[in-house]
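# An overview of the molecular structure
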Amino acid sequence: MRSLTLPAPAKLNLMLHILGRRADGYHELQTLFQFLDHGDELTFTPRSDGQIRLHTELPGVDHDSNLIVRAARQLQAASGTALGADIQLLKRLPMGGGIGGGSSDAATTLVGLNHLWQTRLGEDRLAQIGLSLGADVPVFVHGHAAFAEGVGERLQRVQLSEPWFLVIAPQVSVSTAEIFSDPELTRNTPAITVRSLLAGGGRNDCQPVVEKRYPEVRNALSLLNKFVPARMTGTGACVFGSFPNKGEADKVCRQLPDHMPGFVAQGRNVSMLHRKLAKMAQEVNA
Ligand SMILES: C[C@@](CO)(OP(=O)(O)O)[C@H](O)COP(=O)(O)OP(=O)(O)OC[C@H]1O[C@@H](n2ccc(N)nc2=O)[C@H](O)[C@@H]1O
Ligand SMILES: Nc1ncnc2c1ncn2[C@@H]1O[C@H](COP(=O)(O)OP(=O)(O)O)[C@@H](O)[C@H]1O
């Protein structure tokens, strides 16, 4: 049967404010998401027997807990399809890096299988299913840079400049739950409007707590700060800085020590997943 290969791009949280804690323990956020033109890649092949089989293993994640398998099963349940899928994953994004690899894999699975199985669920419904898998899945389903509120589910599209970023991935995995349960976390940042945010400013409220717990992240920030203002994405561990062009970002990337691998990627307002879908639609209509 016909296969479909789709990208699962990374995201950056260009800023992340924590406004408070809800009764269910989750934190109210304000964050600005932009995608990177760098990410994982998934290949889906439909099966007629209804089984979901992911053929790529990830360290520490068993088959049935992988967000890809969980997303595929949720879509089966929501749509009632009798089809299954063989899935291959090309994993490029560091795990637990705050660049959303798992969430993006889940979103690409929802969007990709909805297309391949012809289950015809709307984007809002896919985002709703995605939210039950992780707070960052909806923004990847919609595929547009956004200002997010709530736990990340209330999205407002934004148009941002698309600079080149150098992203450093310190060799540690930071657990989101651990950072959100730290008593020293700032939880009372006043709400700001998207307009004032786009005029400049913002910070990452998780950064001081992660810097304190993880010297690797602190060192990556101070190294990058020698060249450009550096900030952490999400709950870490990755840190990033923006450059006026690719050449300058590449130059700093080449100077990184072995224990601090990095990559250079461009910020994108429309995700690679949605660019590829638009290209496929154009080819069908041509
Ligand atoms: C804060 C962000 C910003 O992008 O961090 P990163 O994961 O990307 O680093 C995300 O929204 C994270 O979303 P996600 O990674 O899906 O978090 P989940 O797995 O849903 O949450 C893990 C745990 O973190 C805590 N948590 C998470 C999100 C939130 N808004 N408040 C919380 O208190 C909860 O204890 C939850 O059980
Ligand atoms: N397909 C997947 N890719 C990455 N991580 C996954 C996946 N499925 C489940 N996970 C689990 O989710 C955790 C967070 O993953 P990830 O999205 O990479 O980090 P972050 O949310 O910090 O950006 C991982 O440490 C792993 O245990």
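Residues numbered from 1 in each chain as written. Chains lettered and ligands numbered in written order. Predicted model: local features only at pLDDT ≥ 70, side-chain atom pairs only at ≥ 80, totals over all residues. Heavy atoms only, no water.

## Topic: the environment of Pro215
This is how the line gets drawn: Helix and strand definitions follow DSSP, with helices as H or I runs of at least four residues and strands as E runs of at least two, each counted in order from the N terminus. Here the term buried applies to any residue with accessible area under 20% of the maximum for its type, exposed to any over 50%, and partly exposed to those in between, with areas from a 1.4 Å probe on protein chains only.
Inspection of the secondary structure puts Pro215 in helix H8 (residues 215–225). Judged by relative accessible area, which is 35%, Pro215 ranks as partly exposed. Distance from Pro215 to Val172, taken between C-alpha atoms, is 9.8 Å for residues 43 residues apart in sequence.

## Here's the deal with the UniProt feature "active site" (unreviewed entry) in the protein
Heads up, the condition is: UniProt positions are given in the numbering used here, feature names are shortened, and annotations may be inferred rather than shown by experiment. Only heavy atoms matter for contacts: two residues are in contact if any of them lie within 4.5 Å across the pair. Whenever two N or O atoms come within 3.5 Å, that pair is a polar contact, provided that in protein one can donate a hydrogen and the other can accept it, and provided that, for residues adjacent in sequence, both atoms are side-chain atoms.
Following the UniProt record, the feature "active site" (unreviewed entry) maps to Lys11 and Asp136 here. Separation in sequence by 126 residues is not matched in space for these annotated residues, since their most distant C-alpha atoms are only 9.4 Å apart. Turning to its location among the elements, Lys11 is positioned in strand E1 (residues 4–21). Not counting residues within four places of it along the chain, the set of residues in contact with Lys11 comprises Phe33, Gln34, Phe35, Gly98, Ile99, Gly100, Asp136, Phe140, Thr233 and Gly234. Separated by 2.8 Å, the side chain of Lys11 and the backbone oxygen of Gly98 make a polar contact. Mapping Asp136 onto the fold places it in the loop between helix H3 (123–131) and helix H4 (137–142).

## Some remarks on the site of ligand 1
Rules: We define proximity as follows: a residue is near a molecule or strand when any one of its heavy atoms falls within 4 Å of that partner. Residue classes follow a fixed rule: Ala, Val, Leu, Ile, Met, Phe, Trp, Tyr, Cys and Pro count as nonpolar, while Asp, Glu, Lys and Arg count as charged, and any other residue, Gly among them, counts as polar.
Neighbouring residues of ligand 1: 17 residues in total, closest Lys11, His27, Ala135, Asp136 and Thr235. The backbone of Ala135 places a nitrogen or oxygen atom 3.0 Å from an oxygen atom of ligand 1. Of all the secondary-structure elements, those providing two or more residues to the shell around ligand 1 are E1, strand E2 (27–47) and helix H5 (176–180). Along the lines of polarity and charge, the residues of the shell around ligand 1 split into seven nonpolar, eight polar and two charged.

## Focus on the side chain of Ser271
Take Ser271: it is sitting in the loop between strand E10 (262–268) and helix H10 (272–285). On the accessibility criterion, Ser271 (1% relative accessible area) is buried. Among residues more than four places away in sequence, those in contact with Ser271 are Pro9, Phe35 and Gly143.

## Some thoughts on the state of the cysteines
We count it as follows: A pair of cysteine sulfur atoms is labelled a disulfide when the two atoms are within 2.5 Å.
Taken as a whole and judged by the stated rule, the model has zero disulfides. Its sulfur unpaired, Cys206 is 14 Å from the next cysteine sulfur, which belongs to Cys238. Free of any disulfide, Cys253 has its nearest neighbouring cysteine sulfur in Cys238, separated by 12 Å.

## A closer look at the packing of helix H1 (residues 67–79) against helix H2 (residues 101–116)
Heads up, the condition is: Only the stretch in contact is used when a helix axis is fitted, and all axes are lines through C-alpha atoms; the angle between N-to-C directions ranges over 0 to 180 degrees. Working rule for handedness: look at the near helix, and if it is turned counterclockwise from the far one by less than a right angle, call the crossing left-handed; if clockwise, right-handed.
Where H1 contacts H2, the two axes come as close as 8 Å, and the packing angle between them is 35°. Of the two elements, H1 crosses H2, and the hand of that crossing is right-handed. From H1, Leu67, Ile68, Ala71, Ala72 and Leu75 reach across to H2, where they touch Gly102, Ser103, Asp105, Ala106, Thr109, Leu110, Leu113 and Asn114. Split by residue class, the contact of H1 with H2 holds eight nonpolar, four polar and one charged.

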